[in-house]
Amino acid sequence: MDAIEAILTRRSIRKYIKKPISENDITNLLESAMSAPSAGNEQPWHFIVINDPKILKGIPSFHNHAQMLNDASLAILVCNDKRLEKHGEMWIQDCSAATENILLAVNAKGLGAVWLGIYPREERINGMRKLLNVPEHIIPFSLISIGYPAEKKPPANRYDSSRVHKNKW
Ligand SMILES: Cc1cc2nc3c(=O)[nH]c(=O)nc-3n(C[C@H](O)[C@H](O)[C@H](O)COP(=O)(O)O)c2cc1C
């Protein structure tokens, strides 16, 4: 699958076959995340890889759109390290780029994933903090639920020429 195909066919996959994801695949996903651009190359991210089903099943108790984690093989929590920030709130864009890179790499590998919003919802940030023992200077940003897909979705085809402006509004 080339890069354009991986982008145009990516969809949120919330149903999974129970099957572990290899260490090699997990490393590739993290390499993809850390290849993302960041403001001034600050790379403020940390990643918590969660494959313990007991921990995964604890997340829907404080995140009301995370039921799919009951069947996920894996989740990756993308975090910001306040001590590594050099450009203020640009970290949000850095962590978003890392999150999207993981989603695209997942799709290219024939796996399925969905982005679960954490930041800026206080109850989700605090829930992740407590569950995973995350220190104060680390901000949980997004959680990516990952597994072998048990559902198939067609490409979304969202291209809309009315949203494109040339040279001026
Ligand atoms: C910031 C953000 C937060 C999201 N949070 C959730 C979530 O908590 N639970 C969920 O099931 N999907 C979540 N999604 C996935 C969106 O629902 C999904 O991307 C959107 O409906 C478009 O569908 P697609 O990803 O299949 O193209 C989130 C996506 C983004 C970008």
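Note: the structure precedes this text.
All of these numbers come straight from a predicted model, not from anything done at the bench.

Asker: Can you explain the site of the ligand? Please cite residues and give values.
Answerer: Around the ligand sit Arg10, Arg11, Ser12, Arg14, His63, His65, Met68, Val114, Trp115, Leu116, Gly117 and Arg158, and those are all the residues in its vicinity. Contact between the ligand and Arg10: an oxygen atom at 2.9 Å from a side-chain N or O atom of the residue. A distance of 2.9 Å is found between a nitrogen atom of the ligand and a backbone nitrogen or oxygen belonging to Trp115. Surface burial for the ligand is 63%, taken as the share of its 620 Å² of free accessible area covered by protein chains.

Asker: Can you tell me about the packing of aromatic side chains, naming the residues and giving the values?
Answerer: This model, assessed by the stated rule, comprises 4 aromatic pairs. With a centroid separation of 4.8 Å and 70° between ring planes, the pair formed by Trp91 and Tyr119 is classed as edge-to-face. Taken together, the residues span a long stretch of sequence, with Trp91 in helix H4 (residues 91-108) and Tyr119 in the loop between strand E4 (112-117) and helix H5 (122-132) at a distance of 28 residues. Classification of Trp91 as buried rests on a relative accessible area of 3%. You can call Tyr119 partly exposed: its relative accessible area is 29%. Consider the rings of Trp91 and Phe141, whose centres lie 5.7 Å apart with planes at 80°: the pair is edge-to-face. On the criterion of sequence distance, the pair formed by Trp91 in helix H4 and Phe141 in strand E5 (residues 138-149) is long-range, its members being 50 residues apart. Each member of the pair Trp91 and Phe141 is classed as buried. Of the aromatic side chains, those joined through ring pairs into one cluster are Trp91, Tyr119 and Phe141. For the cation-ring pair, Lys19 lies above Tyr148, with the distance from its terminal atom to the ring centre recorded as 4.2 Å.

Criteria and cut-off values
Residues numbered from 1 in each chain as written. Predicted model: local features only at pLDDT ≥ 70, side-chain atom pairs only at ≥ 80, totals over all residues. Heavy atoms only, no water. Near = heavy atom within 4 Å. Polar contact = N/O pair within 3.5 Å; in protein donor to acceptor, adjacent residues only side chain to side chain. Areas by Shrake-Rupley, 256 points an atom, 1.4 Å probe, with all protein chains shown as cover. Phe/Tyr/Trp six-rings, centres within 6.5 Å; stacked < 30°, edge-to-face > 60°. Helix = DSSP H or I, 4+ residues; strand = E, 2+ residues; numbered from the N terminus. Buried < 20%, exposed > 50% of the residue type's maximum accessible area, 1.4 Å probe, protein only. Lys NZ or Arg CZ within 6 Å of the ring centre and 35° of its normal.

In short, geometric facts, not functional conclusions.
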